[in-house]
Structure formats: structure tokens, C-alpha cells
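Analysis of the macromolecular model
Each chain is listed here by its residues.
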Amino acid sequence: MGTFKSIVLGLVIGLLIGLWFGVNLGKGRDFYANPFVGKDIAGDLMESSGEMLEKSGKALKNMNKD
């Protein structure tokens, strides 16, 4: 019974650590970073401004084609 508990405990700990690293890698962060910390406001502004510039550039190219 003792080995079964240690195997289950090892699996649970491994799953939690893997989930921690996987969430960080999925968000494009360092694998050891805190996955519960949200983006800062500056990061959000930089991301949205980059998307806005890209979309406006595509719209201008489409206007020039017509």
C-alpha cells in the first residue's frame, strides 16, 4: 500500500509541475515563470497596437489594389 501511495503522489506532483510548465510555454513565457500573473498593461497596449498597425496596413494595400 505504501508504494501505491508514493506512485500516486509522484504522478500528481509530476502532473502539476508539467501543467505549470505547459501553461507558461503555451503563453510564450519562460517555463519557470508564474502562470497566474496576467499581462501588464504595457504588454497589452504593445500587442494591440501591433495588431492594429498590421490590419491598417493590409487595409491600405487592399484600397490601392482597387
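Here, every reference points to the structure presented above.
Model, not experiment: these values are computed from the prediction.

Rules of the game
Residues numbered from 1 in each chain as written. Predicted model: local features only at pLDDT ≥ 70, side-chain atom pairs only at ≥ 80, totals over all residues. Heavy atoms only, no water. Helix = DSSP H or I, 4+ residues; strand = E, 2+ residues; numbered from the N terminus. Rg over C-alpha atoms; globule rule 2.2 N^0.38 Å. Buried < 20%, exposed > 50% of the residue type's maximum accessible area, 1.4 Å probe, protein only. Areas by Shrake-Rupley, 256 points an atom, 1.4 Å probe, with all protein chains shown as cover. Lys, Arg positive; Asp, Glu negative; His and termini not counted. Charge placed at Lys NZ, Arg CZ, Asp CG, Glu CD. Contact = heavy atoms within 4.5 Å. Salt bridge = Lys/Arg side-chain N within 4 Å of Asp/Glu carboxyl O. Patch = residues over 30% accessible without salt bridge, like charges linked within 9 Å, V, L, I, M, F, W, Y side chains within 5 Å. Expected span 1.5 Å × (residues − 1).

Attention now moves to the overall build of the chain. Scanning the chain from terminus to terminus reveals two helices and zero strands. At 22 Å, the chain has a C-alpha radius of gyration far larger than the 11 Å of a compact globule built from 66 residues. Overall, the C-alpha framework of the chain stretches about 75 × 25 × 10 Å when taken along its three principal axes. For the chain, the residues scored as buried account for 3% of the 66 residues in total. Accessible surface for the chain amounts to roughly 5900 Å². Of this, 71% is attributable to carbon and sulfur atoms. A gap of 7 Å separates the mean positions of the 8 positive and 7 negative side-chain charges of the chain.

Along the chain, Asn24 falls in helix H1 (residues 2-26). Leave out the neighbours within four places in its chain, and Asn24 touches Arg29, Asp30, Phe31, Tyr32, Ala33, Asn34 and Pro35.

Right, let's get into the pattern of salt bridges. For the structure on display, the rule yields one salt bridge. We note a salt bridge from Lys58 to Glu54, for which the minimum N-O separation is 3.5 Å. Of the two residues, Lys58 and Glu54 both sit in helix H2 (residues 41-65), four residues apart, roughly one turn of that helix.

Looking now at a nonpolar patch on the surface. Together, Leu9, Ile13, Ile17, Trp20, Phe21, Leu25, Phe31, Tyr32 and Phe36 line one region of the surface with nonpolar side chains, adding up to about 980 Å² of accessible area. Along the chain, the position of Phe31 falls in the loop between H1 and H2.

The terminal C-alpha atoms of H1, which comprises 25 residues, lie 36 Å apart, in line with the 36 Å expected from a rise of 1.5 Å per residue. Of the residues one or two after H1, Gly28 is the one with positive phi, at around 80 degrees.

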